[in-house]
Amino acid sequence: MIDARTTTHDAEEDPRNRDIRIWVNGEIVHRDEAKVSVYDSGFLLGDGMWEGMRLHKGTWVFFEEHMDRLFESCKAVSLDIGMDRAGLLHALNETAAANGMETDVHCRLMVTRGVKVKPFQHPSLSRSGPTVVIILEHSKPASRLKQRGIRLATVHQVRGLPHSQDPKLNSHSKLNCVIACLQAEQAGADEGLMLDPHGFVNTTNACNFFIVRRGEVWTSTGDYCMNGVTRRKVIDLCRANGIPVFEKNFSLVECMGAEEVFLTGSFGGLTPVAEIDGKTVGNGTVPGIVTSSLQRYYKALIEDHIARKL
């Protein structure tokens, strides 16, 4: 039986996280002292962007790809980070050093439009410059996720059209995903499987979604989901290793006929799915053959990436 309230971000308990030090606008302070203003645009409106990254053996995994996404998103919403890539990398390394961290570390890098002079919407009211926060935690994905998988429930909340709020913006405005997560929990599942505006399977509330059918790997077109760094790496790994992979529209019916299902994300890598809407995926083997192979390929890719950085 799968543990209650399992998520793709479940981590092994680590008491060291009680005393982590956090980077807030150039100062590194104990987590109990890390504060932002109630007038901050991120708190007031969810007006900001963020990235989730992993520190592994002293290297920020796929740093350039994460920076590409962050800077593109910030440019799209006219948010000046106030730092270049080198400056952000220095801040990340400084925070890691202050915490004595080298590996099995998860980072939440957040940038908001900064403190407002009045608690209203207009961006011009944010006049202090951006707020930048870096939270690093000792965070190793829970081993049970790889062994048991997670449960998904199809939810009513959909991933919207780009001209509403583009899902490719990794913004602080995550209410639609929070609602999807709540709907999944109310259905007795761990995460919500979200459809696109046309009813095709898209993503979960937290991760990118893949199925395996007759040896082929399928994922959504990418039109309505986050442009996940791990998602792209897995697609590339399929192509490099002779695994047929397709970015296409597909329905829930085709998910029910899949032999394997897995999710991707920077924290958990590849996480197998055990159930969708109460129905066992495939023959119940978790992880499946293709998923296991891709997990190995992805682990090797990270090790190669680190070796090239040394």
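Remember, predicted model here, so these are calculated numbers, not experimental data.

> What is the right way to look at the overall build of the protein in this model?
Within the protein, the regular secondary structure consists of 9 helices and 15 strands. The dimensions of the protein, computed from C-alpha atoms along their principal axes, are 55 × 45 × 35 Å. Buried positions account for 48% of the 310 residues belonging to the protein. Counting contacts in the protein only where the partners sit at least 6 residues apart, residues at least 24 apart contribute 71% of the total.

> How should the state of the cysteines be read in this particular structure?
Such a bond, covalent and formed between the sulfur atoms of two cysteines, is termed a disulfide. Per the counting criterion, the structure on display carries 0 disulfides. A disulfide-free cysteine, C107 has its sulfur positioned 14 Å from the sulfur of C74, the nearest such atom. Among the cysteines around C207, which has no disulfide bond, C177 carries the closest sulfur, lying 10 Å off.

> I'm lost on the pattern of salt bridges in this one. Help?
Between side chains of opposite charge, a pair can form as their charged atoms come close. Going through the model one piece at a time under the given rule, you end up with 13 salt bridges. The salt bridge partner of D14 is R16, with a shortest N-O separation of 2.7 Å. Overall, R16 belongs to the exposed group, its relative accessible area being 52%. In this structure, the salt-bridge partner of E65 is K233, at a minimum N-O distance of 2.7 Å. Of this pair, E65 sits in helix α2 (residues 63-76) while K233 is found in helix α7 (residues 229-240), placing the two residues 168 residues apart along the sequence. Classification of E65 by relative accessible area gives partly exposed; the value is 29%.

> Even after reading the chapter, I still don't get the environment of G269, so can you show me in this structure?
By secondary structure assignment, the location of G269 is in strand β14 (residues 269-276). Between the alpha carbons of G269 and N249 there is a distance of 23 Å; along the sequence they are 20 residues apart. If we skip the residues at most four places from it in the chain, G269 touches K146, T230, L263, T264 and Y298.

> Please clarify how the sheet that holds strand β1 (residues 21-24) should be interpreted in this entry.
In a beta sheet, neighbouring strands are held together by backbone hydrogen bonds and run either parallel or antiparallel to one another. The strand order β2-β1-β6-β5-β3-β4 describes an open sheet built from 6 strands, whose pairing is antiparallel. Every other strand in the sheet has two partners, leaving β2 (27-30) and β4 (59-60) as the edge strands with one partner each. Of the pairings in the sheet, the one linking β1 to strand β6 (residues 131-138) comprises 2 bridges and is antiparallel in character. Within β6, the residue paired with W23 across the bridge is I134. Contacting β3 (48-56), β4 and β5 (105-112), α2 runs over the sheet at an angle of about 175° to β3. Here helix α3 (residues 85-99) sits on the sheet and contacts β1, β2, β3, β4, β5 and β6; the angle it forms with β6, its principal contact strand, is near 40°.

> Looking at this structure, I do not really get the pairing of strand β8 (residues 191-195). What am I missing?
For a regular strand, the rule is simple: side chains alternate between the two faces of the sheet. Of all 5 residues in β8, 5 are buried; the element is thus mostly enclosed. The alternating pattern of β8 places E191, L193 and L195 and G192 and M194 on opposite faces, both of which are buried. The pairing of β8 with strand β9 (residues 201-204) spans 3 bridges and is classified as antiparallel. Of the residues in β9, the one forming a bridge with L195 is V201.

> Mind showing me how you'd approach the packing of aromatic side chains here?
Here the distance between the centres and the angle between the planes together describe a pair of aromatic rings. Applying the stated criterion across every chain, the model contains 4 aromatic pairs. Measuring from ring centre to ring centre gives 6.4 Å for F62 and Y298, while their planes differ by 50°; the resulting arrangement is tilted. One end of the pair, F62, is in the loop between β4 and α2; the other, Y298, is in helix α9 (residues 289-309), and 236 residues separate them in sequence. On the basis of an interplanar angle of 25° and a centroid distance of 6.5 Å, the ring pair of F209 and F250 is categorised as stacked. Remark: F250 occurs in the loop between β12 (245-247) and α8 (252-256) and F209 occurs in strand β10 (residues 208-213); sequence separation between them is 41 residues. Three or more aromatic residues link up through ring pairs in this structure, and these residues are F209, W218 and F250. The ring centre of W218 lies 3.7 Å from the NZ or CZ of K248, which sits over that ring.

> So what exactly am I meant to see when it comes to α9 here?
Side chains of residues three or four places apart in an α-helix project in the same direction, reflecting 3.6 residues per turn. Helix length check: α9, at 21 residues, gives a terminal C-alpha distance of 31 Å against a target of 30 Å (1.5 Å per residue), a fit within 8%. For α9, the complete set of buried residues consists of V290, T291, S292, S293, L294, Q295, Y298, I302, H305 and I306.

> How should I be thinking about a nonpolar patch on the surface in this particular structure?
Taken together, the side chains of V38, Y39, F43, L44 and L45 present a nonpolar region at the surface, about 470 Å² in accessible area. Its place among the elements puts V38 in the loop between β2 and α1 (41-45). Judged by its relative accessible area of 54%, V38 falls in the exposed class.

The rules behind these values
- Residues numbered from 1 in each chain as written.
- Predicted model: local features only at pLDDT ≥ 70, side-chain atom pairs only at ≥ 80, totals over all residues.
- Heavy atoms only, no water.
- Helix = DSSP H or I, 4+ residues; strand = E, 2+ residues; numbered from the N terminus.
- Buried < 20%, exposed > 50% of the residue type's maximum accessible area, 1.4 Å probe, protein only.
- Contact = heavy atoms within 4.5 Å.
- Disulfide = S-S within 2.5 Å.
- Salt bridge = Lys/Arg side-chain N within 4 Å of Asp/Glu carboxyl O.
- Pairing = 2+ DSSP bridges.
- Axes fitted to C-alpha atoms, helices over the stretch in contact; angles between N-to-C directions.
- Phe/Tyr/Trp six-rings, centres within 6.5 Å; stacked < 30°, edge-to-face > 60°.
- Lys NZ or Arg CZ within 6 Å of the ring centre and 35° of its normal.
- Expected span 1.5 Å × (residues − 1).
- Patch = residues over 30% accessible without salt bridge, like charges linked within 9 Å, V, L, I, M, F, W, Y side chains within 5 Å.
- Areas by Shrake-Rupley, 256 points an atom, 1.4 Å probe, with all protein chains shown as cover.

Worth remembering: the numbers are spatial, not functional.
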